[in-house]
Amino acid sequence: MILYYYILMTVASLICSFVYFKKWHPSFEVYLSVVYILIPFANAGYVIVAISKDVGEAITGTKITYIGGCYLLLLVMYNILYLCKIRFSKHLAFFFTLLSTIMYIFVLSIGHSKVFYSSVEIETVRGITTLKKTYGPVHTAFYGLIAIYFIISVGAIIYAIRKKREASKRNIILLAITEAFSIFAFFGGRAVTKDVELIPLAYFVDAFVYLFIVDRLPIYDIGSSVRENLVERGENGYLSFDLKMNYVSSNETARRLLPLIGETRVDAPIPDKEFRHLVKNWVEDFLTDEISREQTYEKAGMTYRIVVGYLYDGGRKRGYQITVSDVTAQSQYIKTISDYNRNLREENEKKDALIRELKKQLSQK
């Protein structure tokens, strides 16, 4: 039964990886892709240990499982920082990667030195092999390292939920769920059962839940719809909403033209009811015949041209994209010309009336 559990976790995580790479998008961070590459390998390590016939095979399987402890948790931390919109320097990323690599070198020394495991032997019960080991001094440092990764990840989640409006609250909650389960599996799993490792289940939960995050990542990235330079610093603002009219992304120009957008959290409706109703009307007008028509929006002496269209992810309609252009100068110019023509017309009408009056007076004489 235990062997079937390890095999199931390996196969299930492999299926999640296939689904991920089917959904893969150029905007995805490389950390996310590497996670889906490593998880099936880490889980396969537990299968190798379970079917081992000697100490050497069990040690090999154990070394594979430590890919998860040394690298997967690091990559998960990077993904959490990325999804929580928290920037971290390349130097910091290099430092932590170096630490994990040094730790994995110690893992590779298992069976050759006593720094990570001071002693190892196997025990086979009902056909299932487990590696009985005594921890060496470096293993304590390993626990300290993964504790650091967990602390940074949890801190990022708490900070994002409180401060980062541009980070999806939905994604943060999903990240919190996976992180809580991972912490339990690593530090509390042995309190539940000593016969089976819960870590493969934690890896599968990560892979499975991340698929829900991955499904929406392309529509958060406005640059995937329009070239990044044009979108971020161009004259036009771009707003994206999902099919339920929840805000998902915008560029810098849109946030400058419409400050209300800067107060809106990703995956949430616009908090200002009046503006939310206005956006809904724009979209409903577009949906009447799915033809993009220019509309006008005036606010604080400014005039904006609004154009609504679909937001596509490949061939799928994922929401609505609204293009906002500042046409205040053009509108003022048109208004000036219109006022001039009206004044000219009124003056001509007055002159015509005066001429008619003069003619009338002359005819009476």
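A brief look at the structure comes next. Computed from a predicted structure; not experimentally measured.

1. Observations regarding the pattern of salt bridges
- Across all of its chains, the model carries eight salt bridges by this definition.
- Among the salt bridges present, the one from Glu-123 reaches Lys-132, with a minimum N-O distance of 3.2 Å.
- With relative accessibility at 36%, the residue Glu-123 sits in the partly exposed group.
- Here Arg-316 and Asp-215 are joined by a salt bridge, their closest N and O atoms 3.7 Å apart. Placement of the pair is Arg-316 in strand β7 (residues 316–326) and Asp-215 in helix α8 (residues 199–220), with a sequence separation of 101 residues.
- Relative accessible area serves as the criterion here: at 23%, Asp-215 is assigned to the partly exposed category.
- Here the salt bridges share partners, and the residues they tie into one network are Lys-23, Asp-215, Arg-316 and Arg-318.

2. Points about the environment of Phe-187
- As for its position among the elements, Phe-187 is in helix α6 (residues 169–187).
- The spatial distance from the C-alpha of Phe-187 to the C-alpha of Tyr-143 is 9.2 Å, given a sequence separation of 44 residues.
- Beyond its immediate chain neighbours, meaning those up to four positions away, Phe-187 contacts Tyr-143, Ile-146, Ala-147 and Phe-150.

3. Brief notes about α6
- An ideal rise of 1.5 Å per residue puts 27 Å on 19 residues; α6 measures up with 27 Å between its terminal C-alpha atoms.
- Taken together, the buried positions of α6 are Asn-171, Ile-172, Leu-174, Leu-175, Thr-178, Glu-179, Ser-182, Ala-185 and Phe-186. An end-on view of α6 places all buried positions within 160° of arc, on one side of the element.

4. Examining empty space enclosed by the protein
- Taken as a whole and judged by the stated rule, the model has two cavities of 30 Å³ or more.
- The computed volume of the largest cavity comes to approximately 50 Å³.
- At the level of elements, α3 (55–83), α5 (137–163) and α6 are the ones that each hand at least two residues to the lining of the largest cavity.
- Around the second largest cavity, the lining residues are Ile-39, Leu-72, Leu-73, Val-76, Tyr-203 and Asp-206.
- Elements with a minimum of two residues in the lining of the second largest cavity: α3 and α8.
- Take the lining of the second largest cavity: its biggest share by element is three residues, from α3.

5. Thoughts on the packing of aromatic side chains
- This model, assessed by the stated rule, comprises 32 aromatic pairs.
- Look at Tyr-66 and Phe-116: their rings are 5.2 Å apart centre to centre, the planes differ by 90°, and that puts the pair in the edge-to-face class. Here Tyr-66, found in helix α3, pairs with Phe-116, found in the loop between α4 (90–108) and β1 (117–125); they are 50 residues apart in sequence, far enough to count as distant. For the pair Tyr-66 and Phe-116, one class covers both residues: buried.
- Taken together, a centroid distance of 6.1 Å and an interplanar angle of 65° make the contact between Tyr-310 and Tyr-312 edge-to-face.
- Among the aromatic side chains, those forming a connected cluster through ring pairs are Tyr-66, Phe-116, Tyr-117, Tyr-135, Phe-142, Tyr-143, Phe-150, Phe-186, Phe-187 and Tyr-203.

6. Observations regarding the pairing of strand β3 (residues 237–242)
- The buried fraction of β3 amounts to six of the six residues, a majority that puts the element mostly inside the structure.
- Of the two faces of β3, both are covered, the one formed by Gly-237, Leu-239 and Phe-241 as well as the one formed by Tyr-238, Ser-240 and Asp-242.
- Of the strand pairs in this sheet, β3 and β7 are connected by six bridges, and their pairing is antiparallel. Within β7, the residue paired with Gly-237 across the bridge is Val-324.
- If you look at the hairpin formed by β3 and strand β4 (residues 247–250), you'll find four residues sitting between the two strands, and Met-245 has a positive phi there, around 65°.

7. Describing the side chain of Arg-318
- The topology assignment puts Arg-318 in strand β7.
- Overall, the relative accessible area of 9% leaves Arg-318 in the buried class.
- Of note is the side chain of Arg-318, whose polar atom sits 3.2 Å from the backbone oxygen of Asp-215.
- Not counting chain neighbours up to four residues away, the residues in contact with Arg-318 comprise Asp-215, Arg-216, Ile-219, Phe-241, Asp-242, Leu-243, Leu-311 and Asp-313.

Calculation criteria
Residues numbered from 1 in each chain as written. Predicted model: local features only at pLDDT ≥ 70, side-chain atom pairs only at ≥ 80, totals over all residues. Heavy atoms only, no water. Salt bridge = Lys/Arg side-chain N within 4 Å of Asp/Glu carboxyl O. Buried < 20%, exposed > 50% of the residue type's maximum accessible area, 1.4 Å probe, protein only. Helix = DSSP H or I, 4+ residues; strand = E, 2+ residues; numbered from the N terminus. Contact = heavy atoms within 4.5 Å. Expected span 1.5 Å × (residues − 1). Arc of directions from axis to C-beta. 1 Å grid on protein atoms, 1.4 Å probe; cavity = no way out; pocket = protein on both sides within 12 Å on 5 of 7 lines; lining within 4 Å. Points joined across faces, edges and corners; volume = space filled by probe spheres on them. Phe/Tyr/Trp six-rings, centres within 6.5 Å; stacked < 30°, edge-to-face > 60°. Pairing = 2+ DSSP bridges. Polar contact = N/O pair within 3.5 Å; in protein donor to acceptor, adjacent residues only side chain to side chain.

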